[in-house]
Amino acid sequence: LRDMMVALNSERSPQEIFDYITERSANLLRADACLIYSVKDKILINESCFNLPEAFAELKSGEIYLGDANRSLSEGNPVQIKNARTYLGKLLANPDLTEFQRRWYRPLREHFSSYFAVPLMVRNQLFGGLVFYYKLKHDFNAEDLELGAMLGEQAALAIENTRLHQAEQARQRELQILLDVAEAANSSLDLDEVVSKTLDLLVSLISASRAGIILVNEATDQFGPYTLRPDREIDPDDLARMIQASQAVLTSGEARNIVPDVTAGLPEPGALLPIQTRGKNLGVLGIIGPEGSTFTSEQLTLFKSIADQLGVAIENAYLFEKAEDSAIAAERNRL
């Protein structure tokens, strides 16, 4: 336990700490294998596993099945399964299991006869579980359960430290992105240059597949020119749908998060954000993410800040253009 505390306070990466805990925990409890998993929004995530079958180790995340054992664990209670093959066999007979769940339980049933799990509690909330697997049938005594609970506390501490570290890193990255976007947006007063340079940087910084802006024509108050980076042709029907969706975003003043839906021809996540300044609609910022991903609430908040920054830069470019036109007109009148 002392060695684990030293590891928690070392410069090791979060993954290295997780791997260290699973290996040492298995050795301390003479288990044949060990697993740390987390659960978020009913999705089970394989954080680290030691000495588990390769087919199992390759599984990274999927929807959890709340059977009796998992339900008890979710209530903060340790779980003992002395006859794992029988218990897991009953689970696998459930026709409602997803393919991920079947792939999760099959190798466990094939390789292990017993296991027990302790809940990982972070700030009095269930984060996941620490599980010990045994190839032979095993009777768990009070000492096993007590030591398992202590190891679970150490794993929970490691998880909390990791979450805080990741949150701080994410916050620093968001601030740096905003600074870089602000610098790009204010590097010129030429509208085309401001928009193109900012979008190129945005695509690079947030790993977007593309980003674009549709601007409102000041004279007609209708959507006018648009810019897309990387530059590519847009199908007229797609552009019409985009303009329609953008108009709805401007009317409501609220950002729109587009969740991927392959059946509807939308394999990528998208976000549409109003570009406004001083209560004036300037246009809409559209961001398309990579396939297989979704935008988090934190990312959408960041996008909103970027759209606000763009609004200031675009307004400045408009004002500079008007000032130049006024200066030219004044000089003509003088002549």
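None of these values were measured; they are calculated from a predicted model. (Residues numbered from 1 in each chain as written. Predicted model: local features only at pLDDT ≥ 70, side-chain atom pairs only at ≥ 80, totals over all residues. Heavy atoms only, no water.)

Asks: Looking at this structure, how should I read the overall build of the chain?
Replies: When you go through the chain residue by residue, the secondary structure sums to ten helices and eleven strands. For the chain, whose C-alpha radius of gyration is 27 Å, the value lies well above the compact-globule estimate of 20 Å for 335 residues. Referenced to the eigenvectors of the C-alpha coordinate spread, the extents of the chain come out at roughly 100 × 45 × 30 Å. Split into buried and exposed, the 335 residues of the chain put 41% on the buried side. Within the chain, residue pairs in contact and separated by at least 24 positions form 58% of the contacts whose partners lie at least 6 positions apart. Accessible surface computed for the chain: about 18800 Å², of which carbon and sulfur atoms make up 49%. (Helix = DSSP H or I, 4+ residues; strand = E, 2+ residues; numbered from the N terminus. Rg over C-alpha atoms; globule rule 2.2 N^0.38 Å. Buried < 20%, exposed > 50% of the residue type's maximum accessible area, 1.4 Å probe, protein only. Contact = heavy atoms within 4.5 Å. Areas by Shrake-Rupley, 256 points an atom, 1.4 Å probe, with all protein chains shown as cover.)

Asks: Is there a simple way to explain the nonpolar core in this structure?
Replies: Most often, soluble globular proteins have nonpolar side chains that are buried together. Of all hydrophobic cores here, the largest spans 28 residues; its most connected members are Ile206, Ile213, Leu285 and Ile287. If you list the elements that add at least two residues to this core, you get helix 7 (142–185), helix 8 (191–205), strand 7 (210–216), strand 10 (270–277), strand 11 (280–288) and helix 10 (297–334). When residues in this core are grouped by element, the largest group, eight residues, is from helix 10. Once residues within four sequence positions are removed from consideration, Ile213 is found in contact with Val195, Leu199, Pro225, Tyr226, Thr227, Ile275, Val284, Leu285 and Leu310. Counting residues in each nonpolar core, the second largest holds 27 residues, with Leu59, Ile81, Leu91 and Phe100 among its members. (Core = buried A, V, L, I, M, F, W, Y, C linked by side-chain atoms within 4.5 Å.)

Asks: Please explain the sheet that holds strand 11 as it appears in this structure.
Replies: Through backbone hydrogen bonds, the strands of a sheet pair up, either in parallel or in antiparallel fashion. With antiparallel pairing, the five strands of this open sheet are ordered in space as 8-7-11-10-9. The open sheet has two free edges, formed respectively by strand 8 (223–229) and strand 9 (256–258), since each of these has just one partner strand. On average, each strand axis in the sheet is inclined to that of its neighbour by 20°, with strand direction left out of account. Its contacts with the sheet place helix 8 against strand 7, strand 8 and strand 11, and it is angled at close to 150° to strand 7. Contacting strand 7, strand 9, strand 10 and strand 11, helix 10 runs over the sheet at an angle of about 40° to strand 10. (Pairing = 2+ DSSP bridges. Axes fitted to C-alpha atoms, helices over the stretch in contact; angles between N-to-C directions.)

Asks: Looking at this model, I keep getting lost on helix 8. Mind explaining?
Replies: Helical periodicity: at 3.6 residues per turn, an α-helix aligns residues three or four positions apart in one direction. Its 15 residues place the ends of helix 8 21 Å apart at the C-alpha level, agreeing with the 21 Å of an ideal helix rising 1.5 Å per residue. Within helix 8, the full set of buried residues consists of Leu191, Val194, Val195, Thr198, Leu199, Leu202, Val203 and Leu205. The buried side chains of helix 8 occupy one side of the element, clustering within an arc of 165° when seen end-on. Summarising the geometry of helix 8, the exposed residues directed more than 90 degrees from the buried face are Asp192 and Ser204. Residues of helix 8 that are buried make contact with helix 7, strand 7, strand 8, strand 11 and helix 10. (Expected span 1.5 Å × (residues − 1). Arc of directions from axis to C-beta.)

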